[in-house]
Amino acid sequence: RLSIGELPYLETIFPLGGQRGTDNTIAVTGANLETVSAIQVSINAETPTGEQTLRVKTASGLTSNPHPFSIGSLAEMGESEPNNAVEKANAVNAPITINGKIDKAGDVDRFAFEIKAPQLLVFQVEALRLSSQLDALLTLYGAEKQMEAKSAEKEQVLMVNDDASGADARIEWNFTEAGKYSVAIRDLNNQGG
């Protein structure tokens, strides 16, 4: 079967997922979506976690192609710009899911968190498997330390990861020291959009 015509085609959605038991406004872009620029998605508290799909239904009754959409159980937040530098990093508490965009070329999204007791944390990007063009590069920075009485605080890179699963990055780190740490995500080739 081959369908030919001015059919609705869904290209991007944002955010790429939502938490169980929440109502979400999902921005959509694509071709032949008529006047649709966003859809409302209510996720039942009993919905299984994992990958689902979304479609757009136009006012004329046509339905778009499916787009992957991730259902999670963790609390969610959206990143807020500017957050490129450590002093402007978005503060987060684990466990959490963060929805963000690498808007323009060279954009970096940075998130700061505090470790109070030894623990293992996993930082996992879900982009490629949800049809995002992002080629993610994750960088984990160590606790801020005073190098000398008069010098500025220096950052220590603990780990960098690219392509742990396709173009999606992943870092697992066993934190043994208390302190303030941060993680940054950017496109490997510094592309935006």
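Residues numbered from 1 in each chain as written. Predicted model: local features only at pLDDT ≥ 70, side-chain atom pairs only at ≥ 80, totals over all residues. Heavy atoms only, no water.

A. Structural view of the overall build of the protein chain. Looking only at helices and strands, one finds zero helices and 15 strands in the protein chain. Here the protein chain holds 193 residues, and 36% of them are scored as buried. Taking as baseline every contact in the protein chain between residues at least 6 positions apart, the subset at least 24 positions apart corresponds to 58%. Surface summary for the protein chain: the accessible area is close to 11600 Å², and the carbon and sulfur share equals 48%. Between the averaged position of the 16 positive side-chain charges in the protein chain and that of its 26 negative side-chain charges there is a distance of 2 Å. (Helix = DSSP H or I, 4+ residues; strand = E, 2+ residues; numbered from the N terminus. Buried < 20%, exposed > 50% of the residue type's maximum accessible area, 1.4 Å probe, protein only. Contact = heavy atoms within 4.5 Å. Areas by Shrake-Rupley, 256 points an atom, 1.4 Å probe, with all protein chains shown as cover. Lys, Arg positive; Asp, Glu negative; His and termini not counted. Charge placed at Lys NZ, Arg CZ, Asp CG, Glu CD.)

B. Representation of the nonpolar core within the structure. Counting 20 residues, the largest nonpolar core has Phe113, Phe123, Val125, Leu138 and Phe175 as the members making the most contacts within it. Each residue touching Phe113, except ones within four places of it in the same chain, is listed here: Val92, Leu121, Phe123, Leu140, Phe175, Gly179, Lys180, Tyr181, Ser182 and Val183. (Core = buried A, V, L, I, M, F, W, Y, C linked by side-chain atoms within 4.5 Å.)

C. Representation of the packing of aromatic side chains within the structure. Taken as a whole and judged by the stated rule, the model has five aromatic pairs. Summarising the aromatic geometry, the rings of Phe123 and Phe175 are spaced 6.4 Å apart at their centres and angled 70° between planes, so their arrangement reads as edge-to-face. Of this pair, Phe123 sits in strand β11 (residues 119-124) while Phe175 sits in strand β14 (residues 170-175), and the two are 52 residues apart along the sequence. Assessed through its relative accessible area of 12%, Phe123 is described here as buried. Sitting over the ring of Phe14, Lys101 keeps its end group 4.6 Å from the ring centre. The positively charged end of Arg110 is found above the aromatic ring belonging to Tyr141, 3.9 Å away from the centroid. (Phe/Tyr/Trp six-rings, centres within 6.5 Å; stacked < 30°, edge-to-face > 60°. Lys NZ or Arg CZ within 6 Å of the ring centre and 35° of its normal.)

D. Structural view of the environment of Thr63. Along the chain, the position of Thr63 falls in the loop between β5 (50-54) and β6 (67-72). Separated by 57 residues in the primary sequence, Thr63 and Glu6 have C-alpha atoms spaced 12 Å apart. Residues in contact with Thr63, not counting those within four places in the same chain, are Pro8, Arg55, Val56 and Lys57.

E. Region of the structure containing the sheet that holds strand β13 (residues 157-162). Here five strands make up an open sheet; going across it, the order is β8-β10-β15-β12-β13 and the pairing mixed. Two strands close off the open sheet at either side, each with one partner strand: β8 (90-91) and β13. (Pairing = 2+ DSSP bridges.)

F. Spatial organisation of the pattern of salt bridges. Following the criterion strictly, the structure yields three salt bridges and no others. Note that Arg110 and Glu155 form a salt bridge whose closest N and O atoms lie 2.0 Å from each other. Highlighted residues: Arg110 in strand β10 (residues 108-115) and Glu155 in the loop between β12 (136-141) and β13, separated in sequence by 45 residues. Here Glu155 falls in the partly exposed class, since its relative accessible area comes to 39%. Of the charged contacts in the structure, one is a salt bridge between Arg129 and Glu126, with a shortest N-O distance of 3.9 Å. Residue classification places Arg129 among the partly exposed positions, given a relative accessible area of 36%. (Salt bridge = Lys/Arg side-chain N within 4 Å of Asp/Glu carboxyl O.)

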